[in-house]
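Observations on the model geometry
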Amino acid sequence: MPRKIIFHIDVNSAFLSWEAAYRIRHLGGSLDLRTIPSAVGGDISRRHGIILARSIPAKKYGVQTGEPVTDAVRKCPQLKLVPPNYGLYEKNSKAFMEILKKYTDKIEQYSIDEAFMDMTGTTLLFGSPVIAATSIKDEIKRTLGFTVNVGISDKKLLAKMASDFKKPDLVHTLFTEDIQKKMWPLPVRDLFFVGSASEKKLHSIGIRTIGDLANADPAALKAVLKKHGEVIWNFANGQDVSFVESEPADNKGYGNSTTIAFDVTDAASARLVLLSLAETVGRRLRKDGARIETVSVSIRFHDLNTVSHQSVLPAATNITKEIFDTACRLFDELWDGTPIRHLGIHTSRASMDNAARQLSLFDTTDYEKLEKLDRAVDSIREKFGSDALLRASFLNQNKIDHMNGGISREKRTVDYTKELVE
């Protein structure tokens, strides 16, 4: 039986690379954003002001993904900021995946910019793993104009670790027998699943490298980090039995949230935001043929404190009105009048079970009619665009989008006539 060969393909600085390639290939630009201190960042005026991706030169100034744009500019005053364009990212992600499919049908898309490939038994077709990985890397660069790193291993975890080695545009191997030499000397923060909070706790007990973690007492780790300690100890020792899953797992929950462009101080505005979120959550549920049994609402206040509350529904649903009504009830139980910056609706216990609803003797709601109405609205919006229909509540106001959450519409496209493309 041939040895398992797993590739992990990771786009280098994906959002920034895709933007740079588009500007050069399609807009006639000559400045490559990847070669200067640059970043894809949110809109400060709408309070989405964080760094989504940064170039390697920007990294040298300490610019970090996820930090406020204001902090990044303070570190690097010459930082060139460009707006996010998720429509462009989705097109690039699709094109990237189409190239991978030429090499194997066993592909697991892990995120918009990375994927696992099971390349076991393909040596006669594409050559050794390193040759095959180099071919994939070079074809993506030649065809699409951006670079990737490829990690090669006999296990998914190790392939992902390998792709994070030196960047960009490189192929790295990390097989089980290489763990002690290639992985153990690395800082413990470099291990998959070790975040800043875990890193601090590990440092407090003298664990600074992945090797330290691998050789630590699992019982001691569990005492400090509970179940998570056991998980990362296994990872540090290269223990991973997961497979490349070509079929995505069922979505266990659906949710959307939004940072509001102004502090919400009245219940009516908050309910409009919740209605816009319920619209998008309900639409996604119906598109997937799913129903949920639990609804929760989260509120982040202007001082960044967050509270949440959830409720189990009497029956599984995908009806927008039912999700909205439950969210409003939860909101009323939570809110104390403090100005609101961020609202979210999240659901759980999702299933594809379409069993008939158990009706209550005292409930006269026509759920079948509501569901048919939702599906008719979905159909019209699918055909003519999301703005083809909107509820009367959203008329004569322009501060709250009637279908909010997820990727906001200002992030889905960019008006390049207003952008300085050098």
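Residues numbered from 1 in each chain as written. Predicted model: local features only at pLDDT ≥ 70, side-chain atom pairs only at ≥ 80, totals over all residues. Heavy atoms only, no water.

Thoughts on the overall build of the protein chain
If you tally the helices and strands in the protein chain, you get 15 helices and 12 strands. Principal axes of the C-alpha set define a box for the protein chain whose edges measure 65 × 55 × 45 Å. Here the analysis covers contacts within the protein chain between residues at least 6 apart in sequence; of these, 64% occur between residues at least 24 apart. (Helix = DSSP H or I, 4+ residues; strand = E, 2+ residues; numbered from the N terminus. Contact = heavy atoms within 4.5 Å.)

Details of helix H1 (residues 14-26)
The first and last C-alpha atoms of H1 sit 17 Å apart over 13 residues, in line with the 18 Å expected at 1.5 Å per residue. Every buried residue of H1 is listed here: Ala14, Phe15, Leu16, Ser17, Trp18, Glu19, Ala20, Ala21 and Arg23. Positive phi shows up at Gly28, right after H1, with a value of about 75 degrees. (Expected span 1.5 Å × (residues − 1). Buried < 20%, exposed > 50% of the residue type's maximum accessible area, 1.4 Å probe, protein only.)

Quick look at helix H7 (residues 156-163)
Most of H7 is tucked away, with 8 of its 8 residues classed as buried. Within H7, the full set of buried residues consists of Lys156, Leu157, Leu158, Ala159, Lys160, Met161, Ala162 and Ser163.

Comments concerning the packing of helix H13 (residues 267-288) against helix H15 (residues 367-384)
Geometry of a packed helix pair, given as the angle between the helix axes and the separation of the axes. One way to put it is that H13 packs onto H15 with a least axis distance of 11 Å and a crossing angle of 95 degrees. With respect to each other, H13 and H15 are oriented roughly perpendicular. Facing H13, whose interface residues are Glu279, Arg283 and Arg286, H15 presents Asp374, Arg375, Asp378, Arg381 and Glu382. Tallied by class, the residues present in the contact of H13 with H15 amount to no nonpolar, no polar and 8 charged. (Axes fitted to C-alpha atoms, helices over the stretch in contact; angles between N-to-C directions. Parallel < 35°, antiparallel > 145°, perpendicular 65-115°, else oblique. Nonpolar A, V, L, I, M, F, W, Y, C, P; charged D, E, K, R; others polar.)

Some words on the sheet that holds strand E12 (residues 340-348)
Taking strand neighbours across the sheet as the criterion, the 4 strands line up as E9-E12-E10-E11 in an open arrangement whose pairing is antiparallel. Each edge of the sheet is formed by a strand with only one pairing partner; in this case those strands are strand E9 (255-264) and strand E11 (306-317). Shown here is a sheet whose adjacent strand axes are inclined to one another by a mean of 15 degrees, direction ignored. Examined bridge by bridge, strand E10 (residues 292-301) and E11 share 8 bridges and lie antiparallel to one another. Opposite Val297, over in E11, you have His309 as the bridge partner. (Pairing = 2+ DSSP bridges.)

Points about the packing of aromatic side chains
Tallying each qualifying case throughout the model produces 13 aromatic pairs. Connected via pairs of aromatic rings, a cluster forms that spans Phe15, Trp18, Tyr86, Tyr89 and Phe146. For the cation-ring pair, Lys156 lies above Phe116, with the distance from its terminal atom to the ring centre recorded as 4.9 Å. (Phe/Tyr/Trp six-rings, centres within 6.5 Å; stacked < 30°, edge-to-face > 60°. Lys NZ or Arg CZ within 6 Å of the ring centre and 35° of its normal.)

Topic: the environment of Pro339
When you line up the elements, Pro339 lands in the loop between helix H14 (320-334) and E12. Sequence separation between Pro339 and Asp266 is 73 residues; the distance between their C-alpha atoms is 8.3 Å. Residue contacts for Pro339: discarding those within four places in its chain leaves Asp263, Val264, Thr265, Phe301 and His302.

Regarding empty space enclosed by the protein
Empty space left among the atoms is revealed by rolling a probe the size of a water molecule over them. Scanning the model with the defined rule gives 1 cavity of 30 Å³ or more in all. As a volume, the largest cavity reaches approximately 40 Å³. Looking at the largest cavity, the residues that line it are Ile5, Phe7, Met119, Thr122, Thr123, Gly127, Ser128, Pro129 and Ala132. By residue class, the composition of the lining of the largest cavity is 5 nonpolar, 4 polar and no charged. (1 Å grid on protein atoms, 1.4 Å probe; cavity = no way out; pocket = protein on both sides within 12 Å on 5 of 7 lines; lining within 4 Å. Points joined across faces, edges and corners; volume = space filled by probe spheres on them.)

Topic: the packing of H13 against H14
Between H13 and H14, the least distance of the axes is 8 Å, while the angle of their chain directions is 140 degrees. When the axis of H13 is compared with that of H14, the two are oblique. Crossing of H13 against H14: the hand is right-handed. Contacts between H13 and H14 pair Ala267, Ala270, Arg271, Leu274, Leu275, Ala278, Glu279, Val281, Gly282, Leu285 and Arg286 from the former with Thr320, Ile323, Phe324, Ala327, Cys328, Phe331 and Asp332 from the latter. Residue composition of the contact of H13 with H14, grouped by class: 12 nonpolar, 2 polar and 4 charged. (Left-handed = near helix turned anticlockwise from the far one by under 90°.)

Here we look at the pattern of salt bridges
Enumeration over the complete set of coordinates arrives at 32 salt bridges. The residue Arg189 makes a salt bridge to Glu199 at a minimum N-O spacing of 3.5 Å. On the criterion of sequence distance, the pair formed by Arg189 in the loop between helix H8 (179-183) and helix H9 (196-204) and Glu199 in helix H9 is long-range, its members being 10 residues apart. Arg349 is paired through a salt bridge with Glu293; the nearest N and O atoms lie 3.0 Å apart. Of this pair, Arg349 sits in the loop between E12 and H15 while Glu293 sits in strand E10, placing them 56 residues apart in sequence. Residue Arg349 is classed as partly exposed on the basis of its relative accessible area, which comes to 45%. (Salt bridge = Lys/Arg side-chain N within 4 Å of Asp/Glu carboxyl O.)

Remarks on the pairing of strand E7 (residues 148-153)
With 6 of 6 residues buried, E7 lies mostly within the body of the structure. Burial along E7 is two-sided: the face carrying Val148, Val150 and Ile152 and the face carrying Asn149, Gly151 and Ser153 are both buried. For E7 and strand E8 (residues 171-173), the ladder comprises 3 bridges, and the chain directions are parallel. What sits directly across from Val150, in E8, is Val171.

As for the layout of surface pockets
Computed from the structure, the largest pocket encloses a volume of approximately 970 Å³. Along its surface, the largest pocket is lined by 29 residues, and Ser13, Arg54, Lys59, Thr65 and Lys167 are the ones closest to its centre. Among the secondary structure elements, those contributing two or more residues to the lining of the largest pocket are strand E1 (6-11), H1, strand E3 (51-54) and helix H2 (56-59). The biggest single contributor to the lining of the largest pocket is H1, with 4 residues.

Considering the side chain of Thr347
Secondary-structure assignment places Thr347 in strand E12. Polar contacts involving the side chain of Thr347 include one to the main-chain carbonyl oxygen of Tyr254, which spans 2.6 Å. Among all residues touching Thr347, those that are not within four sequence positions of it are Gly253, Tyr254, Val281, Ile292, Thr294 and Val295. (Polar contact = N/O pair within 3.5 Å; in protein donor to acceptor, adjacent residues only side chain to side chain.)

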